[in-house]
Amino acid sequence: MAKKPGGLQLISAGLSLILAIGVMTAFAACGRKEDGTWMHCHSVQTAVFLCGLVLAVLFVLAAWSRNRAVRISLNAAAAVLAVVTCLLPGTLMPMCMMQTMRCYMVMQPFVRIVSILSAVCAAVGVFRSARNGRISAGK
């Protein structure tokens, strides 16, 4: 019998895809300079995009996993990656010089909000899986 996917993990995967798509479209960093080169924030945008895709994969794998330990591990890895993703713009990776630039005003808040929501969902997934294991072990 196939396992039904976990709803929380699928919601988290959706959030991760919103993060990945959002930073490349509506919440993108600054555009190209007049000379055709990219600003520092473009690297941050690309890193967040890749992190969003990896997060989505981790959450989908956790949703379909039958093994409790694997589910806990995938959710824990997703929680750590979501926190790292939250810290990428401006903390772990440099962005533009001026705080009034699009990367600070649009991209950074979007990334932080969605990443924190993903981290919370992942943490809840860890605790739910751990709790479910204790309850079933006690029966």
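Residues numbered from 1 in each chain as written. Predicted model: local features only at pLDDT ≥ 70, side-chain atom pairs only at ≥ 80, totals over all residues. Heavy atoms only, no water.

Attention shifts here to the overall build of the protein. Along the backbone of the protein there are 4 helices and 0 strands. When the helices and strands of the protein are listed from N to C terminus, the series reads α-α-α-α. Here the protein holds 139 residues, and the buried ones make up 42% of them. (Helix = DSSP H or I, 4+ residues; strand = E, 2+ residues; numbered from the N terminus. Buried < 20%, exposed > 50% of the residue type's maximum accessible area, 1.4 Å probe, protein only.)

Below, the discussion takes up the environment of methionine 97. Within the fold, methionine 97 resides in the loop between helix H3 (68–87) and helix H4 (102–138). With 52 residues separating them along the chain, methionine 97 and glutamine 45 place their C-alpha atoms 16 Å apart.

Grouped together as the largest cluster of nonpolar side chains are 34 residues, with contacts concentrated most on Leu19, Cys103 and Met107. Put simply, the parts of the chain that give this core at least two residues each are helix H1 (7–24), helix H2 (41–64), H3 and H4. Once residues lying within four places of it in the same chain are set aside, the contact partners of leucine 19 are Val48, Gly52, Leu55, Thr85, Phe110, Val111, Val114 and Ser115. (Core = buried A, V, L, I, M, F, W, Y, C linked by side-chain atoms within 4.5 Å. Contact = heavy atoms within 4.5 Å.)

Below, the discussion takes up H1. Across its 18 residues, H1 extends 26 Å between first and last C-alpha, which sits within 8% of the 26 Å expected from 1.5 Å per residue. Burial in H1 covers these residues: Leu8, Gln9, Ser12, Ala13, Leu15, Ser16, Leu19, Ala20, Gly22 and Val23. (Expected span 1.5 Å × (residues − 1).)

Considering all chains together, one arrives at 1 aromatic pair under this definition. With centroids separated by 4.0 Å and ring planes inclined at 5°, the aromatic side chains of phenylalanine 27 and phenylalanine 110 adopt a geometry described as stacked. Placement of the pair is phenylalanine 27 in the loop between H1 and H2 and phenylalanine 110 in helix H4, with a sequence separation of 83 residues. (Phe/Tyr/Trp six-rings, centres within 6.5 Å; stacked < 30°, edge-to-face > 60°.)

Between H2 and H3, the shortest axis-to-axis distance is 9 Å and the interhelical angle comes to 160°. Relative to H3, the element H2 lies roughly antiparallel. In this structure, H2 meets H3 at a crossing whose hand is left-handed. Judged by residue contacts, Val48, Cys51, Val54, Leu55, Leu58, Phe59, Leu61 and Ala62 of H2 engage Arg71, Leu74, Asn75, Ala77, Ala78, Leu81, Ala82 and Thr85 from H3. Counted by class, the contact of H2 with H3 contains 13 nonpolar, 2 polar and 1 charged residues. (Axes fitted to C-alpha atoms, helices over the stretch in contact; angles between N-to-C directions. Parallel < 35°, antiparallel > 145°, perpendicular 65-115°, else oblique. Left-handed = near helix turned anticlockwise from the far one by under 90°. Nonpolar A, V, L, I, M, F, W, Y, C, P; charged D, E, K, R; others polar.)

Once that is clear, we can look at the packing of H1 against H2. Contact pair H1 / H2: the axes reach a minimum separation of 8 Å and the direction vectors enclose 165°. Here H1 lies roughly antiparallel to H2, going by the angle between them. Both H1 and H2 take part in a crossing whose hand is left-handed. The segment H1 lies against H2, with Gln9, Leu10, Ser12, Ala13, Ser16, Leu17, Leu19, Ala20, Val23 and Met24 engaging Gln45, Val48, Phe49, Gly52, Leu53, Leu55, Ala56, Phe59, Val60, Ala62 and Ala63. Here the contact of H1 with H2 is built from residues that sort into 16 nonpolar, 5 polar and no charged.

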